[in-house]
Amino acid sequence: MSEERRERRSYLIGTLLSILLTAIAFATIPLDLPRGGTMLLIGISAVLQVIVQLRFFLHIDLSRQKREDLQLILFSLLLLGIMAGGTIWILTNLSQRMM
Amino acid sequence: MKLLGNLNWDVTPFSDAINDPSTNTFVAAGAASLVIIGAVSVLILLTWFRLWRPLWRDWLTSADHKRIGVMYIVLALVMLARGVAEGAVMRGHQAMALNGGPLSADHFSELFSTHGTIMILFVAMPLVTGLINIVVPLQIGARDMAFPVMNQVSLGLTAAGAALIMVSLVIGRFETGGWTAYPPYTGKVFSPGEGPDYWIWSVVPAGLGSMLSGINFAVTIYKCRAPGMTYMRMPLFTWTALCTAIMMIYAMPPVTVSSLMLALDRYAGFHFFSNDLGGNMMNYANIFWMFGHPEVYILVLPAYGVWSEVAATFSAKQLYGYVSLVTATMSIAVISFTVWLHHFFTMGQSASVNIAFGIATMIIAVPTGVKVYDWMATLWRGRIRMTVPVIYLTGFFILFVIGGLTGVILANPTIDYQVHNTLFLVAHFHNVLIPGVLFGMLAGIHYWFPKVFGFRLDETWGARAAGLWVVGFCLTFLPLYVLGLMGMPRRSPSFTDPAYLPMEYLAAFGAVVILGALAATFTTYIVSIRHRKWLAVPLGDPWDGRTLEWATPAPVPEWNFAVIPEVSSRDAFALEKEGGTPYAPVSRYADITLPRRTTMGLTVCVATTGTGFALVWHIWWLVILCFTGLLLTMIARAFATNTEQIIPAAEVARQHRRWLDAIAQNTGITRDAECTSANRGLAAPDEVIR
C-alpha cells in the first residue's frame, strides 16, 4: 500500500470516527437519557474526540520521533489541569464560606 | 458623536497646572514635559546625525534576531529610566508625607500603578526577551529564530504597549488601582475615567507579544539546534530560556484574557468582575495571579541562566552540577504554576486551601537553593576575575538569598496575615526582582555586549554602576522591611506616625543613590562607545568563553556562523580550545539564506498603538481604521512570497577567512590582561582547572 493511500485512509478513518462521536453527543438529547447519563456520555465522547483528532489529524502517536509533541501535549494537560482544578477548588471554597 | 471621542484640551497635565498651580500639578506637568522634550530631542538628534536611513534600514525593518534583541533592550532601558524616576519621586514624596505630602493621593496612586506596570511588563520582560533573542540562536548554532517576522511582531506589540503608557503621561491620566488593577475598583462604576483603559490596552498587546515570543523561543530551541546538540549538551542559559519560553506560552494568556474580560465589563456592560448580576471579582485575582506568579519565574530563570554562564566563565571552570541545575530549572518551571494563591492568602478561603499553596510555595525555594549551592561550587577554587558581571553576581548571592528567605517567611499564611499589604511585602519583591532579575540582566548585557557590538563595556564605569546599584538597593529597600514590620501599609500617600520618619529618610536617600546607579549605567554605555577603538575585541572571545557563541567574530555577522558547527560535547568551544583545535579552517562554504527586511513589525506597532489610543478615548472611527489596517497587514503578509535573501558563499568565505587570518596573526592574551586594551578577543591557552 502506498504512503499516500495509507495517509488518505487514516484521514478517512479519523473523519468517520469524529463524525460518529459528534453524532453520539447529539443523539443523547432525542434519546432522552437521565441527566447524569447524558453528561457522562457527552463527557466521554468529548475526551475520545480529542484523542481521535490528535491521533488522526495532528499525527501524534507513541512513536519515537513524535515523543516531543506528545510530551508537550501531556505537559499542557498537566498545566491546564492545575489551573482549572485549582480555580474550581479555590472558588467553590470561597463560595461555601460566603453562604 | 464627537469626532475625537472623549478627547479635549482639559485632559493634559498642562491645563491642570494652569488651572490649579500646586506642587502636585507641577510635578505632573514636569513629567509630561520631559516626555515631550525627550521625544523631540530624539527626533532632532536623529536628523542632525543623519541617522534616519540607517535606523530604518538596519534596525526598524530588520528581522535579524540580534538587532531585534538590542531594540528590546533599548526599549527596556528607556522605560527603566522612567520607572526609576517614578520610584524616586514616590520615595521623595513619602519622606515628606507625615500628615500630608506634596502630591495628591490620586497622583501618588498613578505613580505606583505605572511604576509597577512599567517595571514588570516594559522593563523586566523586554530585558529578558531581548537577551534571549540575542543569545539563544548563537548558543545553539542557529542562523536566526524559527519565526523571524513573528519576532518583529512580538517586539512591535510590546513597544505599542510601552508607547501607550508614555502617551498616558501627556494625555489624560493613568489607572490608580495598582499594577494588578483589581476590580471592582477598576470597573466603570468606581473608575469611570480613561485610566484603567490605558492600563488594559497597554497590557493586552504586551501579553500577546510575550506569548508569541514564548512560542518563537520554544520552537527555535526545539527545532533549530546545530547537529549534535542534544538537550543535555545545551548551555544552561538556553535551558533557562526554554523553560521560560514554555512558561510564557501558558502564563501570558491568563493576563490577556482577564484584561479583556475587564475591558468587556468596562466597555460593553458585562459583569464578569462587577459587584452585582453574578459578577465575581475574586475570580479576577485568581486569574491574574495565575499569570502573575509564573511571571516572576519567567523573569528570574533567564537571570539564573546568566549567573550560570558568568560563574563558569569568570572562574575558568566547568559549571558545577549541570544536571542538577537543569533539573532544578525544570522543577521551578512546573512548581511555579502551583503557588499563585499565595498572592491572596487573605481573600477569605479556608485554612486548608491556604496551607496547601503555602507548602507549595516553600517547596519552590528548594530547587532555587540547589542552584545557589551549584554556583558557589562552580566558583570554589576557580581563578575568579572580579569583572563587572562577577560584582553583580556577588551582590546577587548575598541579597537574593535574603529576599528568598523573606519569601519563605511570607509563604506561611499565618505570618502573611500579619504583614500582608505592608511595606514588608514591597521590600520582599523588590529584594528578589532587583538583585535577581535586574542585576542578572545588567550582568548579562555586560557579558554579551562585545558579541553584538564588537567592543567591551568600560570596566571602571561598569564597576561603579554595579557598586551603586548594590548600595542603593540596600539603602532603599532594607529599611522598608523595618517599616513593614512597624505596620506601615504599602501604597500610603501619607501617614500620621512620626516613628516612620527615620527609615523613610534613609530610603529616600537610597533612592538618590539608585538614581546615581542609573546615571552610572548610562555613563558606562556612553564612555564605552567613545572608547570603542580601545575596547574593540574583533576576534570575538574576550572572556575565554566556553560556549558556541564565543567561537564567532565580534560583532557577529548577520548569518552568525559561516558554517553550522557540529557539536559533540557540553562546553564545546572550551573543549576545542583545550584540545588545541579551535578556529579550524573551512574547506567548503555554501550560500546562506536569511530572512529579508520587512516593515511588518513596525506596521503592527503603529496600528496597535493607534487602536489602543482610540479605544481609550472612544474614537470609534480610528479604532475601525487601525484595527482593519492591522488585520489587512497580516493577511497581506500571508501572500508575500519573496521573503528571503541569499548571502553568496564567496562573501561568507571572504569575511570568514579574513577573521581566521587575523586570529592566526594574533598571539592572544592571558586572563591577567583581560581588562586592558591588549584584549582583542583571542584567549591564550590557559591552565585547565577541573
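Labelled according to an unreviewed UniProt entry, chain B appears under the name Cbb3-type cytochrome c oxidase subunit I, originating from Paracoccus maritimus. UniProt lists a comment for chain B under the heading Sequence similarities (unreviewed entry), and it reads "Belongs to the heme-copper respiratory oxidase family."

In the nomenclature of an unreviewed UniProt entry, chain A is known as Cytochrome bo(3) ubiquinol oxidase subunit 4 of Paracoccus maritimus. Check the Sequence similarities (unreviewed entry) section of the UniProt entry for chain A; it says "Belongs to the cytochrome c oxidase bacterial subunit 4 family." Taken verbatim from the UniProt record of chain A, the Function (unreviewed entry) comment is "Cytochrome bo(3) ubiquinol terminal oxidase is the component of the aerobic respiratory chain of E.coli that predominates when cells are grown at high aeration. Has proton pump activity across the membrane in addition to electron transfer, pumping 2 protons/electron."

J.: Help me out: how do you make sense of the overall build of chain B in this one?
T.: Summing up its helical and strand segments, chain B has 21 helices and two strands in all. Whereas a compact globule of 690 residues would reach a radius of gyration of roughly 26 Å, chain B reaches 25 Å, a difference of no more than 12%. A principal-axis box enclosing the C-alpha atoms of chain B has dimensions of 75 × 55 × 45 Å. Considering chain B as a whole, with its 690 residues, one finds that 59% of them fall into the buried category. When contacts within chain B are restricted to residue pairs at least 6 apart in sequence, long-range pairs at least 24 apart make up 82% of them. Surface exposure of chain B reaches about 26,900 Å², of which carbon and sulfur atoms provide 69%. Here chain B contributes 41 positively and 38 negatively charged side chains, and the mean placements of these two sets differ by 8 Å.

J.: What am I meant to see in the overall build of chain A here?
T.: Along its length, chain A carries three helices and zero strands. The helix and strand sequence of chain A, counted from the amino end, reads α-α-α. Its C-alpha radius of gyration of 19 Å places chain A more than 25% over the 13 Å reference for a compact globule of 99 residues. The dimensions of chain A, computed from C-alpha atoms along their principal axes, are 65 × 40 × 10 Å. Counting across all 99 residues of chain A, residues that qualify as buried make up 22%. Long-range pairs, those at least 24 residues apart, make up 57% of the contacts in chain A with a sequence separation of at least 6. Total accessible area on chain A stands at roughly 7,300 Å², and carbon and sulfur atoms take up 70% of it.

J.: I'm lost on the UniProt feature "domain: Cytochrome oxidase subunit I profile" (unreviewed entry) in chain B in this one. Help?
T.: This chain's UniProt record puts "domain: Cytochrome oxidase subunit I profile" (unreviewed entry) on residues 50-568 of chain B. Helix and strand shares over residues 50-568 of chain B are 68% and 0% respectively, and the end C-alpha atoms of the span are 47 Å apart.

J.: Is there a simple way to think about the interface of chain B and chain A in this case?
T.: Many authors give the size of an interface as the accessible area that is lost as the parts come together. At the junction of the two partners, chain B supplies 26 residues and chain A supplies 17 residues. Carbon and sulfur atoms supply 75% of the area that chain B and chain A bury against each other, a total of about 1,900 Å² over both sides. Across the contact surface, chain B and chain A share zero salt bridges. In this structure, the connection of chain B to chain A is made through four residue pairs in polar contact (both at pLDDT 80 or more).

J.: I'm lost on helix α12 (residues 365-379) of chain B in this one. Help?
T.: One turn of an α-helix holds 3.6 residues; hence residues three or four places apart share an orientation. Residues and elements named next belong to chain B. Its 15 residues place the ends of α12 22 Å apart at the C-alpha level, agreeing with the 21 Å of an ideal helix rising 1.5 Å per residue. Burial in α12 covers these residues: Pro-367, Thr-368, Lys-371, Val-372, Asp-374, Trp-375, Thr-378 and Leu-379. Here the buried residues of α12 occupy an arc of 160° about the axis, which is enough to place them on one side. Away from its buried face, by an angle of more than 90 degrees, α12 presents the exposed residues Val-366 and Tyr-373. Tucked inside the fold, the buried residues of α12 contact α8 (236-268), α9 (281-314), α10 (322-335), α11 (351-363) and α13 (388-410). The positive-phi residue at the C-terminal boundary of α12 is Arg-381, with phi of around 60°.

J.: I would appreciate a short explanation of the packing of helix α5 (residues 105-140) of chain B against α9(B) in the present structure.
T.: Between two packed helices, both the angle of their axes relative to each other and the distance between the axes serve to describe the pair. Residue and element names in this part refer to chain B. Interhelical geometry of α5 versus α9 gives an angle of 45° and a closest axis separation of 11 Å. With respect to α9, the axis of α5 lies oblique. Helix-helix and strand crossings are classified by hand; for α5 and α9 the assignment is left-handed. On the side of α5, the interface is formed by Ile-120, Leu-121, Ala-124, Met-125, Val-128, Leu-131, Ile-132 and Gln-139, while α9 contributes Phe-291, Glu-295, Ile-298, Leu-299, Pro-302, Val-306 and Glu-309. Within the contact of α5 with α9, the residues separate by chemical class into 12 nonpolar, one polar and two charged.

J.: Can you help me understand the packing of aromatic side chains in this one?
T.: The geometry of two aromatic rings is summed up by the distance between their centres and the angle between their planes. Residues and elements named next belong to chain B. For the structure shown, the criterion picks out 41 aromatic pairs over all chains. Measuring from ring centre to ring centre gives 6.0 Å for Tyr-304 and Phe-400, while their planes differ by 90°; the resulting arrangement is edge-to-face. Taken together, the residues Tyr-304 in helix α9 and Phe-400 in helix α13 connect sequence positions 96 residues apart. For Phe-400, a relative accessible area of 7% translates into the label buried. Linked through ring pairs, Trp-179, Tyr-182, Phe-270, Phe-272, Phe-273, Tyr-284, Phe-288, Trp-289 and Phe-291 together constitute an aromatic cluster. One cation-aromatic arrangement involves Arg-67 over Trp-59; the distance from NZ or CZ to the ring centre is 4.8 Å. For the cation-ring pair, Arg-570 lies above Tyr-322, with the distance from its terminal atom to the ring centre recorded as 3.8 Å.

J.: Just to check I follow, could you spell out the side chain of His93(B) for this structure?
T.: Residues and elements named next belong to chain B. Structurally, His-93 can be placed in helix α4 (residues 65-95). A polar atom in the side chain of His-93 sits 2.7 Å from the backbone oxygen of Pro-493. Other than its neighbours up to four places away in sequence, His-93 contacts Gly-100, Gly-101, Pro-102, Leu-103, Phe-108 and Pro-493.

J.: Where do I start with unusual backbone geometry in this structure?
T.: Leaving glycine aside, a negative phi is the common case for residues, and trans is the common case for peptide bonds. All names here are of chain B. Geometrically, the link from Pro-183 to Pro-184 is a cis peptide bond, its omega value of 5° lying close to zero. Tracing the backbone shows Pro-184 in the loop between α6 (148-170) and α7 (195-223). Although it is not a glycine, Asn-99 adopts a positive phi angle of roughly 55°. Tracing the backbone through its elements, the reader meets Asn-99 in the loop between α4 and α5.

J.: What am I meant to see in the packing of α4(B) against α5(B) here?
T.: Residue and element names in this part refer to chain B. α5 packs onto α4 with a crossing angle of 155° between their chain directions and a minimal axis gap of 7 Å. With respect to each other, α4 and α5 are oriented roughly antiparallel. Crossing angle aside, the handedness with which α4 passes α5 is left-handed. Here the contact of α4 with α5 is composed, by residue class, of 24 nonpolar, 11 polar and three charged.

Procedures and definitions
Residues numbered from 1 in each chain as written. Chains lettered and ligands numbered in written order. Predicted model: local features only at pLDDT ≥ 70, side-chain atom pairs only at ≥ 80, totals over all residues. Heavy atoms only, no water. UniProt positions renumbered as here; feature names shortened; annotations may be inferred. Helix = DSSP H or I, 4+ residues; strand = E, 2+ residues; numbered from the N terminus. Rg over C-alpha atoms; globule rule 2.2 N^0.38 Å. Buried < 20%, exposed > 50% of the residue type's maximum accessible area, 1.4 Å probe, protein only. Contact = heavy atoms within 4.5 Å. Areas by Shrake-Rupley, 256 points an atom, 1.4 Å probe, with all protein chains shown as cover. Lys, Arg positive; Asp, Glu negative; His and termini not counted. Charge placed at Lys NZ, Arg CZ, Asp CG, Glu CD. Buried area = accessible area lost by both parts, 1.4 Å probe. Salt bridge = Lys/Arg side-chain N within 4 Å of Asp/Glu carboxyl O. Polar contact = N/O pair within 3.5 Å; in protein donor to acceptor, adjacent residues only side chain to side chain. Expected span 1.5 Å × (residues − 1). Arc of directions from axis to C-beta. Axes fitted to C-alpha atoms, helices over the stretch in contact; angles between N-to-C directions. Parallel < 35°, antiparallel > 145°, perpendicular 65-115°, else oblique. Left-handed = near helix turned anticlockwise from the far one by under 90°. Nonpolar A, V, L, I, M, F, W, Y, C, P; charged D, E, K, R; others polar. Phe/Tyr/Trp six-rings, centres within 6.5 Å; stacked < 30°, edge-to-face > 60°. Lys NZ or Arg CZ within 6 Å of the ring centre and 35° of its normal.

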